[in-house]
Amino acid sequence: MNRSHRSILSRLDDAVRWTGIPGRVADAMSDDPSVDRKHQPLRWVPLVLIAVSCFQLAVCLIWPQIMDRFSLAAVVSIMPGIVISIATGVLIIYTHGPLGKPSREDDEREAALRKDSFLFCLGLLAGLNGLGQPILLIMSHWQNWPTGHSAFVVICALILNATLLGTLPTLYASWSFRRLPKE
C-alpha cells in the first residue's frame, strides 16, 4: 500500500537509481584514489614549463652581457635545447587539451570549463603583451641594447608567449576543476 501512495517523481528517482548511473557519476566525479581514471588534470607540469620560460626571459633581461660573455655559438647551442624541451612539453599538454582528454568526451560542465580556460589564457596574454611590449621597447631604447641582445630578448619573450599559450589553459582548468568527495 505504501508503493501506491508514492509520487511519480519518487518512482522516477527509483528507476534512475536502479540503472546505476548516479553511482557511476559519483565515482567519476570523486577524488577517491581507488577510482581508476583515464584522464587526470595536469597541475604541476605546466608550472614547471612556465617557470623555465620565465627564468630564461629573466636571464636575458637581468644579464645583458650574455652575448659578450659567451660566444654566439654557445648561446645558439643552448637555446635550441631549451626551446625543444619546452616545445615538447607544451605539445604534449596541448594535444590532450586543458582537461587531459579530447573535447568530444566533455559534458556541459567540462565544455564550459574548457571555454573559460581558453578565454582566461587569451585575456591574460593580451594584457601581458599589451604591457610587456612597450616596456621592452622603452627598456631597449633607454639602455641602448645592441641588436643582438634585443633579438635575444625578443626570442625569449616569444618562447614565453608560446609556453603560456600552450600551458595556461591546462593550468587554469586543472586548478578550477572541482571534484566531489566520494560518498
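Read on for an overview of the structure.

Each value, and the rule that gives it
- Residues numbered from 1 in each chain as written.
- Predicted model: local features only at pLDDT ≥ 70, side-chain atom pairs only at ≥ 80, totals over all residues.
- Heavy atoms only, no water.
- Helix = DSSP H or I, 4+ residues; strand = E, 2+ residues; numbered from the N terminus.
- Buried < 20%, exposed > 50% of the residue type's maximum accessible area, 1.4 Å probe, protein only.
- Areas by Shrake-Rupley, 256 points an atom, 1.4 Å probe, with all protein chains shown as cover.
- Expected span 1.5 Å × (residues − 1).
- Arc of directions from axis to C-beta.
- Phe/Tyr/Trp six-rings, centres within 6.5 Å; stacked < 30°, edge-to-face > 60°.
- Contact = heavy atoms within 4.5 Å.
- Core = buried A, V, L, I, M, F, W, Y, C linked by side-chain atoms within 4.5 Å.
- Patch = residues over 30% accessible without salt bridge, like charges linked within 9 Å, V, L, I, M, F, W, Y side chains within 5 Å.
- Salt bridge = Lys/Arg side-chain N within 4 Å of Asp/Glu carboxyl O.
- Polar contact = N/O pair within 3.5 Å; in protein donor to acceptor, adjacent residues only side chain to side chain.

## Thoughts on the overall build of the protein
(1) Moving on: Per the secondary structure count, the protein includes seven helices and zero strands.
(2) Moving on: Shown N-terminal to C-terminal, the secondary structure of the protein runs as helices and strands in the order α-α-α-α-α-α-α.
(3) Moving on: The buried share of the protein, reckoned over its 183 residues, is 27%.
(4) Moving on: When the accessible area of the protein is evaluated, it comes to approximately 12,300 Å², of which 68% is carbon and sulfur surface.

## Brief notes about helix 3 (residues 44-62)
(1) Moving on: If you check helix 3, its first and last C-alpha atoms are 26 Å apart, about what 19 residues at 1.5 Å a residue would give, namely 27 Å.
(2) Moving on: The set of residues buried in helix 3 consists of Pro46, Leu49, Ile50, Ser53, Gln56, Leu57 and Cys60. Seen along its axis, helix 3 keeps its buried residues to an arc of 120 degrees; they face one direction. Exposed side of helix 3, more than 90 degrees from the buried face: Trp44, Val48, Phe55 and Ile62 are the residues found there.

## Quick word on the environment of Arg43
(1) Moving on: Topologically, Arg43 is positioned in the loop between helix 2 (21-28) and helix 3.
(2) Moving on: As for Arg43 and Tyr172, which are separated by 129 residues in sequence, their C-alpha atoms are 8.8 Å apart.

## A closer look at the packing of aromatic side chains
(1) Moving on: All chains considered together, the criterion is met by one aromatic pair.
(2) Moving on: Taken together, a centroid distance of 4.7 Å and an interplanar angle of 20 degrees make the contact between Phe120 and Tyr172 stacked. A residue pair is termed long-range when its members are at least 10 positions apart, and Phe120 in helix 6 (residues 108-142) and Tyr172 in helix 7 (residues 147-176) qualify at 52 residues.

## Details of the environment of Val45
(1) Moving on: Structurally, Val45 can be placed in helix 3.
(2) Moving on: Taking C-alpha positions, Val45 is 7.9 Å from Gly89, a pair spaced 44 residues apart along the chain.

## Some points on the side chain of Thr163
(1) Moving on: You can see Thr163 is positioned in helix 7.
(2) Moving on: Sequence-distant contacts of Thr163, that is, excluding residues within four places in its chain, are made with Leu49, Ile50, Ser53, Ile86, Val90 and Leu168.

## As for the nonpolar core
(1) Moving on: If you look at the biggest cluster of nonpolar residues, it comprises 14 residues, and the most contacted ones within it are Ile50, Leu57, Cys60, Val153, Cys156, Leu164 and Leu168.
(2) Moving on: Here this core gets eight residues from one element, more than from any other, and that element is helix 7.
(3) Moving on: If we skip the residues at most four places from it in the chain, Ile50 touches Leu160, Thr163, Leu164, Thr167, Leu168 and Leu171.

## Some words on unusual backbone geometry
(1) Moving on: You will see that Asn144, though not glycine, has its phi angle at about 50 degrees, which is positive.
(2) Moving on: Looking at the element boundaries, Asn144 is found in the loop between helix 6 and helix 7.
(3) Moving on: Take Asn144: its relative accessible area is 62%, and that puts it in the exposed class.

## Looking at a nonpolar patch on the surface
(1) Moving on: Taken together, the side chains of Ile8, Leu9 and Leu12 present a nonpolar region at the surface, about 330 Å² in accessible area.
(2) Moving on: Inspection of the secondary structure puts Leu9 in helix 1 (residues 8-19).

## Here we look at the side chain of Thr167
(1) Moving on: Summarising the element assignment, Thr167 is placed in helix 7.
(2) Moving on: A distance of 2.6 Å separates the side chain of Thr167 from the backbone oxygen of Thr163, its partner in a polar contact.
(3) Moving on: Sequence-distant contacts of Thr167, that is, excluding residues within four places in its chain, are made with Pro46, Leu49, Ile50, Val90 and Ile93.

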